Amino acid sequence: MGALGLPLCGVQRRACVRGGGGGGGGGGEFRLNWLLRGESVLYPLPSGEEPPNTLPDPPQHSSLPFSEQIQHPTASLIAKVATAQDDITGDGTTSNVLIIGELLKQADLYISEGLHPRIVAEGFEIAKEKALEVLEQVKVTKEMDRETLIDVAKTSLRTKVHTELADILTEAVVDSVLAVRKPGEPIDLHMVEIMEMKHKSETDTTLIRGLVLDHGARHPDMKKRVEDAYILTCNVSLEYEKTEVSAGFFYKSAEEREKLVKAERKFIEDRVSKIIDLKRRVCGDSDKGFIVINQKGIDPFSLDALAKEGIVALRRAKRRNMERLTLACGGTAMNSVEDLTPDCLGHAGLVYEYTLGEEKYTFIEKCDNPRSVTLLIRGPNKHTLTQIKDAVRDGLRAVKNAIEDGCVIPGAGALEVAVANALVKHKPNVKGRAQLGVQAFADALLIIPKVLAQNSGYDPQETLVKVQAEHAESGQLTGVDLNTGEPMVAAAAGIWDNYNVKKQLLHSCTVIASNILLVDEIMRAGMSSLKG
Amino acid sequence: MAGEVVTLQLGHYAGCVGAHWWGLQRCPPEGTELSHAALLRAGRDGCTPRLIALELKGGVGPLGRGGARPEPLAAWRGDVANYAEPGTGTALRDRGQRPGDASADADCGSGAPGEGAAPSAGSSTQLWSDYLSVQLHPRSIYVLQQYNHDGDSGRLEAFGQGEKLLQDAGCMEELEDRLHFYAEECDYLQGFQVLCDLHDGFSGVGAKVTEVLQDEYSRKGILTWGLTPVTHTVADSQKNFYRVLNAALGIVHLSAHSSLFCPLSLSGSLGIKPQPPIEFPYVNYDASLNYHSSAVLAAALDTLTVPYRLCSSRGSMMHLAEMLSFSGRKVVAAWAAVPFPAVRGHSLPDALCAHQQDVPWKLLSSCKEQKVSRCFAQSVVLRGVCKESPTSCPGQQPPSPLHACETAEQVLQYYLHTAFPGAFSASHVLEQPCVTLPPYPRIFSPLLSRQGFLPDDLSSYSAAAVESIPVLTSLQSSPVLRTLLCDLCKDLQKLGTRRCASFFAAGVEEDDFHEALQELRTLSQCYQMGFEADNSEDESDSD
């Protein structure tokens, strides 16, 4: 793996956009190399037997502070594009930076020979239209079955975590999205709760078809494990406290005070007994379990009464968990115990408590038809947890995109090679010097397969030539096989990218690169006029 | 049994006061008048405060980082070698972590001078973590990475910034998680005590936090203390304006969301014009040091909060709040005598008789004291005086009506009745004094004995370190607050919104500001004593 460092230096060198080209106008010079160096440090190359087939993406969260730290206006602009890309599609941020950098570099070749940036920008615009046309042609519309989605998720996740873990996450991510998907409605990824647990190793990350609450029952006599249980979700205070009416206790003697307290307590006891009644009604003599999950408090007396009846009670559940609970187990959340019916109960196949050090977790699993699921991320330390969390987020987005687009694009640089090829063929149809812009655009896109080859330790030029030759010969969409450095048919290998990611890439890169070129020209003109 | 209370410390000065406060509770004398379970939780390894402390980046020293608890070595069966880093800070911390040692020190009396000395007021007491003497739970300290504690840039200066900070979903979630962690395990959660900095952006943080508490835990008490350090010389007028605006907005929002709100500071004024800091007759403290000023406030706070921390629970935080806050008077003032001037050997009636004319306490709410002391309601706590039996010889004519009372509580009640005729006073008398062992600073006058009493004749004083002091405090709903709030209103009006455009750029809308101003005015009217409406003030208000 030591050799991998070297080609990357090449990327930095080549990404040194318009390094000496600025010539007369110092103000127009800008370099991207440090930007990319930053990336290569932040996101080390994925290692393992199966290298990724697309570019590594920066983790979602790092992109925002990343763009804030950058002072240089051009660089910060590019970083903002990457952030926007992430917001819209959740993927493709590194490609964004690479393509913009390469577009500027290719344009510089022509501009230094005297071509006006305006014409290059025109060429870019024409090339973009054509590229989008190609994109529409090569997109593969197919049934988004589990297999395809797994391929999509795998392509996205393997760039972020190591292969073994990626395969585990892939299944979990796809299954969770499929579980929360409702036909005819947009997918709400909030329905997939991501729960962290600092425990065991990262490969123990699993999908829970239900919910994990990070607290447990507070009564020692309550069962730690209940199977086939009814679940009552409620928001009713079961603790003795002062009544809402602002009135102090006015009493003459200790007995009188006791009496008042008792009367107050009675109020709570009535509520508890209503719940117990319901339990008796639905469970009868069967050995079904009964769980009460309350958003408000339950005091020790009430816990005691419930424990005696074999009811497991959890108090002070978090508000956001309450919403999920009804989605996961069914039933409705009750705000009063007055109208309790068996209809408002949910159901779960298995409920158990798990203690980890000082913390207790309650797993509510095997729900019949969960509309909200939990991805339980485990890892030995905070860093691993964050890394997996970011990867999972991206994976979820990728799967969601694929389902919503209804189509996918072959990955591994296949699209870029195809587009470049099409652009070269399209070039003669363009009038005038704008052709050069189209050529620059075509060359710039090839950075993607080149960097892929480079990152996996192959000679970029040789690999690119091979892939292009294969593509021209077979007419199929050919990408780089990172294991061998040879061309391969991306679709056959199951490497799929998101359609909307690519579309967004083409749009935003072109616009930003053109704008930078034009602004650069204006800046330079300003500088020279000042001198004159 | 007193119900459980969760404590929140928002800001650096709140951290300073908190650090001293936890220190004061560290090694109580054998008495069990105060319930430990009220503020501390018993975890798997030892008691830790039920605390969430919000701090800015750089505001917590090495002690706080990462939760301050060494990894348990239970699972390791091999040899363990300990390497301790020498240095004053560590030595201090070690002392704190072995409370047994500290009290042993106190018992043997002499107290090795080197060991027992409070840390000198040098670099070792810059941050509150330097003199924090208890262990904290790993979930206690929450460092907000967005802003710097110190330095020129990236400061949390304005109310709006603080508010915005907690609008961030991640931040809020983290806070809710931590709150939930403590609240969930409480059997009888009685409420929250929030220590909040008023002078900087943390007042905005406090506004949001109390809003969340009120929303999530309705019907629980929320007792908020608005803390301000002693204002230094007014070098930067802009900073001064910020301070006043933060304090005003803080008071409005915090009092709206809390059951009871009390400004607490040694600074003489919250307004634009600085006033000299409050002085106590037997305390020589350096007002410019947070280490000193927060220690005085902590002693007062430890006593003020007694009513809802008693083992023989006679009232909860809610009771206290409701007693003091009727008819919208949610803001209360704190008075304290630190230490309560009592001559050694005198009984409680004797001690109180010496102050027939004037209650010896000082106002800790940044406002000029008024000559006529009157109040609507108050909760008074006296601790550490009544060890000597108050009973005089039977048959003799008691020297004063105070001596005729049977119990200490009655004595205090009678005394308050004469000092504040017509006011509703709840009183508590505690035997145990306020224990001021290091790292509590040595700020007391050399006149005081080791138990914090005055000598009967001035010649016989010993310069021993003061180990405990008697304290008298009162939480008062009083007309003084009208002056405080009115003055603040006037200052704000004078200030206008033009002069601090940047403050409003940071998130507070001008309309919100005017609304707050209006609320402040309404609030101040609650404290008007019907019969003495001084018209001059009203006229100036109306324009």
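Parameters at a glance
Residues numbered from 1 in each chain as written. Chains lettered and ligands numbered in written order. Predicted model: local features only at pLDDT ≥ 70, side-chain atom pairs only at ≥ 80, totals over all residues. Heavy atoms only, no water. UniProt positions renumbered as here; feature names shortened; annotations may be inferred. Helix = DSSP H or I, 4+ residues; strand = E, 2+ residues; numbered from the N terminus. Pairing = 2+ DSSP bridges. Contact = heavy atoms within 4.5 Å. Buried area = accessible area lost by both parts, 1.4 Å probe. Salt bridge = Lys/Arg side-chain N within 4 Å of Asp/Glu carboxyl O. Polar contact = N/O pair within 3.5 Å; in protein donor to acceptor, adjacent residues only side chain to side chain. Patch = residues over 30% accessible without salt bridge, like charges linked within 9 Å, V, L, I, M, F, W, Y side chains within 5 Å. Areas by Shrake-Rupley, 256 points an atom, 1.4 Å probe, with all protein chains shown as cover. Lys, Arg positive; Asp, Glu negative; His and termini not counted. Charge placed at Lys NZ, Arg CZ, Asp CG, Glu CD.

- The name that an unreviewed UniProt entry assigns to chain A is Chaperonin containing TCP1 subunit 6A, with the source organism given as Gallus gallus.
- Quoted verbatim from the Subcellular location (unreviewed entry) heading of the UniProt record, the comment on chain A is "Cytoplasm".
- Quoted verbatim from the Sequence similarities (unreviewed entry) heading of the UniProt record, the comment on chain A is "Belongs to the TCP-1 chaperonin family."

Quick notes on the environment of Gln493 of chain B
And step 1. As for its placement among the helices and strands, Gln493 of chain B is situated in helix H14 (residues 480-495).
And step 2. For the pair Gln493 of chain B and His514 of chain B, spaced 21 residues apart in the sequence, the C-alpha separation amounts to 9.4 Å.

Observations regarding the sheet that holds strand E9 (residues 333-337) of chain B
Residues and elements named next belong to chain B.
And step 1. Judged by pairing direction, the sheet is mixed, and its five strands sit side by side in the order E10-E9-E15-E11-E12 without closing on themselves. Unpaired on one side and paired on the other, strand E10 (362-363) and strand E12 (424-430) mark the two borders of the sheet.
And step 2. Pairing analysis gives two bridges linking E9 to E10, with the strands arranged antiparallel. By the bridge assignment, Trp335 is partnered in E10 with Leu363.

Here's the deal with the environment of Gly15 of chain B
And step 1. Note on placement: Gly15 of chain B falls in helix H1 (residues 12-24).
And step 2. Sequence separation between Gly15 of chain B and Leu127 of chain B is 112 residues, and the spatial gap between their C-alpha atoms is 8.7 Å.

Comments concerning the interface of chain B and chain A
And step 1. Of the residues lining the interface, 25 residues belong to chain B; the matching set on chain A comes to 24 residues.
And step 2. Both faces combined, the contact of chain B with chain A buries some 2300 Å², and carbon together with sulfur accounts for 39% of it.
And step 3. The largest per-residue losses of area from chain B upon contact with chain A belong to His180, Glu184 and Arg219 of chain B, which jointly make up 30% of the total buried on that side.
And step 4. The interface formed by chain B and chain A holds eight salt bridges in total.
And step 5. Its salt-bridge partner being Asp177 of chain B, residue Arg320 of chain A comes within 2.8 Å of it at the nearest N-O pair.
And step 6. For the pair chain B and chain A, the number of links is 11 residue pairs in polar contact (both at pLDDT 80 or more).
And step 7. Those elements giving two or more residues to the side of chain B that touches chain A turn out to be strand E2 (40-43), helix H6 (169-184), helix H7 (202-216) and helix H10 (317-324) of chain B.

Topic: a negative patch on the surface
And step 1. A cluster of like negative charges, contributed by Glu509, Glu510, Asp511, Asp512, Glu515 and Glu519 of chain B, occupies part of the molecular surface.
And step 2. Checked against the element boundaries, Glu510 of chain B lands in helix H16 (residues 510-525).

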